[in-house]
Amino acid sequence: MKLRMSSPELSDADREAVLEVVSTPNLSMGPKIAAFEQAFCDLTGLKHAIGVNSGTAGLHLCIRASGIGPGDLVVTTPFSFVASTNVILFEKAIPVFVDIDPLTGNIDPDLLEKAVEDLFRGGDAARKWLPRKVPAFNEGRIGSVKALLPVDVFGQPADYDRIKKVSRHYDLTVIEDSCEALGGEYKGKPTGTFGDYGVFAFYPNKQITTGEGGLIVTDDDEAADLMRALRNQGRAVGDTWLQHTHLGYNYRMDEMSAALGLSQIGRLEQLLAHRARVADWYAQHLAGIEEVTPPQLVPNTTRVSWFVYVIRVSPRIDRDRFAEVLIEKGVPVRPYFAPIHLQPYVMEMFGTQAGDFPITEDLGNRSLALPFSGAMTEEEVVEVCRCIAEALIAAQKSE
Ligand SMILES: Cc1ncc(COP(=O)(O)O)c(C=O)c1O
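Residues numbered from 1 in each chain as written. Predicted model: local features only at pLDDT ≥ 70, side-chain atom pairs only at ≥ 80, totals over all residues. Heavy atoms only, no water.

Draft legend 1. Structural view of helix H7 (residues 160-170). For H7, the set of buried residues is Tyr160, Ile163, Val166 and Ser167. On an axial view of H7, the arc spanned by its buried residues comes to 130°, and they lie on one face. Facing away from the buried side of H7 by over 90 degrees, the exposed positions are Arg168 and His169. Buried residues along H7 sit in contact with helix H5 (109-121), strand S4 (145-149), strand S5 (173-177) and strand S6 (185-186). (Buried < 20%, exposed > 50% of the residue type's maximum accessible area, 1.4 Å probe, protein only. Helix = DSSP H or I, 4+ residues; strand = E, 2+ residues; numbered from the N terminus. Arc of directions from axis to C-beta. Contact = heavy atoms within 4.5 Å.)

Given below as structure tokens:
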């Protein structure tokens, strides 16, 4: 049995959709991207969808559209994939990290509220949230709070009622990083629709894939125009091929990717159901195994969109040894996430250190992503769980 960390669920129709494009001359900026974007407007009920070539590109365009620049503060989570922080750094803005809810791994709304309140108060109150080190990369400028960037971790939405309460009170932009949560719901409403902007991603381990790809949804007409221009080398509406109103990027999604995404989004429900079935099998077969906690869902999550299946081991288990033994047994696993504030370049820039965000670090030290995809069979899940039970014995910490 060859287990994989993840694998896309591709159908014959998906493959045919890509082949159909390559038999036409329209390989970029054609009808498939427009249809793919329309599918997201239909799904979210928002006016604009802008397809791009990665989730990171999508988040970066949201930062640009929000007018965030050198020294501006963006409140975000250190328990995420690095891209959610990197896009802030691309514009020489400063991420203000706030620790997480230990149950969900999402940004803690109480701490978020406190951080923003203190940052607006200024002085000593603000200082404790700010980086230890004044970053050299923006000449030491520390501005005011401009935006909140919550992440829907592992497919479970962050607490948007609380986040929106803060953003409304302080007039802040909200960028929802929903790159891991396509199809999830918070109190019956789809992810991606809570912020001023929502961003999805379509790498092959995601709920739907385009190979590489991402997409922004928004109701803001002006921002949508700007983001469309920025993804296309800065060409605004009315510009010719060699006219560039803005400093832009090539963040375009090609037609093959859009065709694959369009085919996949058409069976989103089926793809999500397959993933939910695998998650159920895991929950069932892990149930008797002590020392392991399965993912925790909260009542506000009216629908989780299973992206990864991340377990936590008890403090009595040496997580790294546990992972090693599983890998030796042919079960690929990955610590997930590694805290962003402890990435070498972030420590170097801002002087962050171990101990700064204890809940994030505790989760980072005890969590492990198991092999997961909608294509997994129950037999494979049983095999993973059998190996887990054995590996736990080998990975007990000595008293
Ligand atoms: C939370 C989060 N944000 C952003 C991204 C970036 O997406 P991409 O890899 O498509 O650039 C990812 C990708 O895994 C992610 O998990």
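Draft legend 2. Representation of the pattern of salt bridges in the model. Overall, the coordinates contain 26 salt bridges when judged by the stated rule. The salt bridge involving Arg15 is made with Asp12; its shortest N-O contact spans 3.6 Å. Taken together, the positions of Arg15 and Asp12, both in helix H1 (residues 12-22) and three residues apart, correspond to about one turn of that helix. A salt bridge links Arg162 to Glu113; its shortest N-O distance comes to 3.0 Å. Here the residue Arg162 occupies a position in helix H7, and Glu113 occupies one in helix H5, the gap between them amounting to 49 residues. Members of the salt-bridge network, linked through shared partners, are Lys114, Glu117, Asp118, Arg121 and Lys128. (Salt bridge = Lys/Arg side-chain N within 4 Å of Asp/Glu carboxyl O.)

Draft legend 3. Main features of the nonpolar core. Leu61, Leu149, Phe154, Tyr197, Ile216, Met227 and Tyr336 are the most contacted members of the largest nonpolar core, which totals 40 residues. In terms of residue count, the dominant contributor to this core is helix H3 (residues 55-65) (six residues). Two domains each put at least three residues into this core: domain 1 (12-265) and domain 2 (269-394). When near neighbours in sequence (up to four residues on either side) are disregarded, Ile216 contacts His48, Ala49, Ile50, Val52, Gly58, Leu61, Cys62, Tyr197, Gly198, Val199 and Met227. Counting residues in hydrophobic clusters, the runner-up holds 32 residues, among them Val278, Tyr309, Ala323 and Leu392. (Core = buried A, V, L, I, M, F, W, Y, C linked by side-chain atoms within 4.5 Å. Domains from an automatic or database assignment.)

Draft legend 4. Structural detail: the sheet that holds strand S10 (residues 292-293). Read across the sheet, three strands follow the order S10-S12-S13 without closing on themselves; strand pairing throughout is antiparallel. Only two strands of the sheet have a single partner each, and these edge strands are S10 and strand S13 (367-370). Strands strand S12 (309-313) and S13 of the sheet are contacted by helix H13 (residues 358-366), whose axis makes an angle of about 45° with S13. (Pairing = 2+ DSSP bridges. Axes fitted to C-alpha atoms, helices over the stretch in contact; angles between N-to-C directions.)

Draft legend 5. Structural view of helix H14 (residues 378-394). For H14, spanning 17 residues, the distance from its first C-alpha to its last is 25 Å, which sits close to the expected 24 Å at 1.5 Å a residue. Those residues of H14 that sit buried are Glu380, Val381, Val384, Cys385, Cys387, Ile388, Ala391 and Leu392. Seen along its axis, H14 keeps its buried residues to an arc of 165°; they face one direction. What points out from H14, more than 90 degrees from its buried face, is the exposed set Glu379 and Ile393. Buried residues belonging to H14 abut helix H10 (268-286), S10, S12, helix H11 (319-328) and S13. (Expected span 1.5 Å × (residues − 1).)

Draft legend 6. Structural view of the site of the ligand. In the region of the ligand, 14 residues are neighbours, and Gly55, Thr56, Asp177, Glu180 and Lys206 sit closest. Within the contact set of the ligand, an oxygen atom lies 2.7 Å away from a side-chain nitrogen or oxygen of Lys206. In the complex, the protein chains occlude 91% of the 380 Å² of accessible area that the ligand would expose alone. (Near = heavy atom within 4 Å. Polar contact = N/O pair within 3.5 Å; in protein donor to acceptor, adjacent residues only side chain to side chain. Areas by Shrake-Rupley, 256 points an atom, 1.4 Å probe, with all protein chains shown as cover.)

Draft legend 7. A look at the domain arrangement of the chain. When cut into domains, the chain gives domain 1 (12-265) and domain 2 (269-394). Here the C-alpha centre of domain 2 lies 25 Å away from the C-alpha centre of domain 1. The interface of domain 1 with domain 2 comprises 46 residues on the first partner and 40 residues on the second. Here domain 1 packs against domain 2, burying approximately 3600 Å² in sum over the two surfaces, 62% of which is carbon and sulfur. Counting the contacts that link domain 1 with domain 2 gives one salt bridge. (Buried area = accessible area lost by both parts, 1.4 Å probe.)

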